[in-house]
Amino acid sequence: MTTKRMKHLKDLMIRARANASENLAAWPDIQFIEKLNGALKRMEGGTYGSCLVCGGDIGESNLLVQPWAENCAACQAYVISSLHDCSSKADAASGFEKRM
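Throughout what follows, the structure given in this document is the object of discussion.

What counts, and at which threshold
Residues numbered from 1 in each chain as written. Predicted model: local features only at pLDDT ≥ 70, side-chain atom pairs only at ≥ 80, totals over all residues. Heavy atoms only, no water. 1 Å grid on protein atoms, 1.4 Å probe; cavity = no way out; pocket = protein on both sides within 12 Å on 5 of 7 lines; lining within 4 Å. Points joined across faces, edges and corners; volume = space filled by probe spheres on them. Helix = DSSP H or I, 4+ residues; strand = E, 2+ residues; numbered from the N terminus. Nonpolar A, V, L, I, M, F, W, Y, C, P; charged D, E, K, R; others polar. Expected span 1.5 Å × (residues − 1). Buried < 20%, exposed > 50% of the residue type's maximum accessible area, 1.4 Å probe, protein only. Contact = heavy atoms within 4.5 Å. Salt bridge = Lys/Arg side-chain N within 4 Å of Asp/Glu carboxyl O. Axes fitted to C-alpha atoms, helices over the stretch in contact; angles between N-to-C directions. Parallel < 35°, antiparallel > 145°, perpendicular 65-115°, else oblique. Left-handed = near helix turned anticlockwise from the far one by under 90°. Disulfide = S-S within 2.5 Å.

Quick look at the layout of surface pockets
Here's step 1: Approximately 210 Å³ is the volume found for the largest pocket.
Here's step 2: Around the largest pocket, the lining residues are Lys 35, Asn 62, Val 65, Gln 66, Trp 68, Ala 69, Glu 70, Asn 71, Cys 72, Ala 73 and Gln 76.
Here's step 3: Contributing elements (two or more residues each) for the lining of the largest pocket: helix H3 (60–65) and helix H4 (73–99).
Here's step 4: Here the residues of the lining of the largest pocket are counted per class, giving 5 nonpolar, 4 polar and 2 charged.

Pasting the structure below:
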């Protein structure tokens, strides 16, 4: 990724974080601010664009769409499917308890 594009993404994330912080009552998702902070720290630390799970490249096209992305597409798909599996099991257990 070019230095100019990296600076542009950094500026966008800083503005988004400021807007979210100012409007916290209207912006209930504090996790978004945490993701922005994490991405900015990775930029400063030189690890921005590397997957937190496997260390592989997240990909410039993915970062342009979601600059705070933490994982490559393959690892993110695994994380989502794992969460889905867990929530399905919890839903099934919950349904079982209701029938008892």
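Details of helix H2 (residues 30–45)
Residue pairs three or four apart in sequence face the same way in an α-helix, which turns once every 3.6 residues.
Here's step 1: Taking 1.5 Å per residue as the helical rise, H2 with its 16 residues ought to reach 22 Å, and the 23 Å between its terminal C-alpha atoms agrees with that figure.
Here's step 2: Taken together, the buried positions of H2 are Phe 32, Ile 33, Leu 36, Gly 38, Ala 39, Leu 40, Arg 42 and Met 43.
Here's step 3: For H2, the secondary structure elements touched by its buried residues are helix H1 (3–22).
Here's step 4: Phi turns positive one or two residues past the end of H2, at Gly 46, with a value near 85°.

As for the pattern of salt bridges
Think of it this way: side chains of opposite charge can pair up when their charged atoms draw near.
Here's step 1: If you walk through the whole model with that rule in mind, you get 3 salt bridges.
Here's step 2: Linking Arg 5 and Glu 60 is a salt bridge whose minimum nitrogen-to-oxygen distance equals 2.4 Å. On the criterion of sequence distance, the pair formed by Arg 5 in helix H1 and Glu 60 in helix H3 is long-range, its members being 55 residues apart.
Here's step 3: Judged by relative accessible area, which is 31%, Glu 60 ranks as partly exposed.
Here's step 4: Between Lys 7 and Asp 11 there is a salt bridge, with the nearest N and O atoms lying 3.1 Å from each other. One end of the pair, Lys 7, and the other, Asp 11, are both in helix H1, 4 residues apart, so they sit about a helical turn from each other.

So, the packing of H1 against H2
In a pair of packed helices, the angle between the axes and the distance between the axes together describe the arrangement.
Here's step 1: Relative to each other, H1 and H2 sit at 150°, their axes nearing to 10 Å. Between H1 and H2, the interaxial angle falls into the category roughly antiparallel. The handedness of the crossing between H1 and H2 is left-handed. Contact residues: H1 offers Met 6, Leu 9, Lys 10, Met 13, Ile 14, Ala 16, Arg 17, Ala 20 and Ser 21, while H2 offers Phe 32, Ile 33, Leu 36, Asn 37, Ala 39, Leu 40, Met 43 and Glu 44.

Observations regarding the state of the cysteines
Here's step 1: In total, this model carries 0 disulfides according to the counting rule given.
Here's step 2: Lacking any disulfide linkage, Cys 51 is separated from the closest cysteine sulfur, that of Cys 75, by 3.7 Å.
Here's step 3: Its relative accessible area of 5% is what places Cys 51 among the buried residues.
Here's step 4: There is no disulfide at Cys 54, and the cysteine sulfur nearest it, in Cys 75, is 3.8 Å away.

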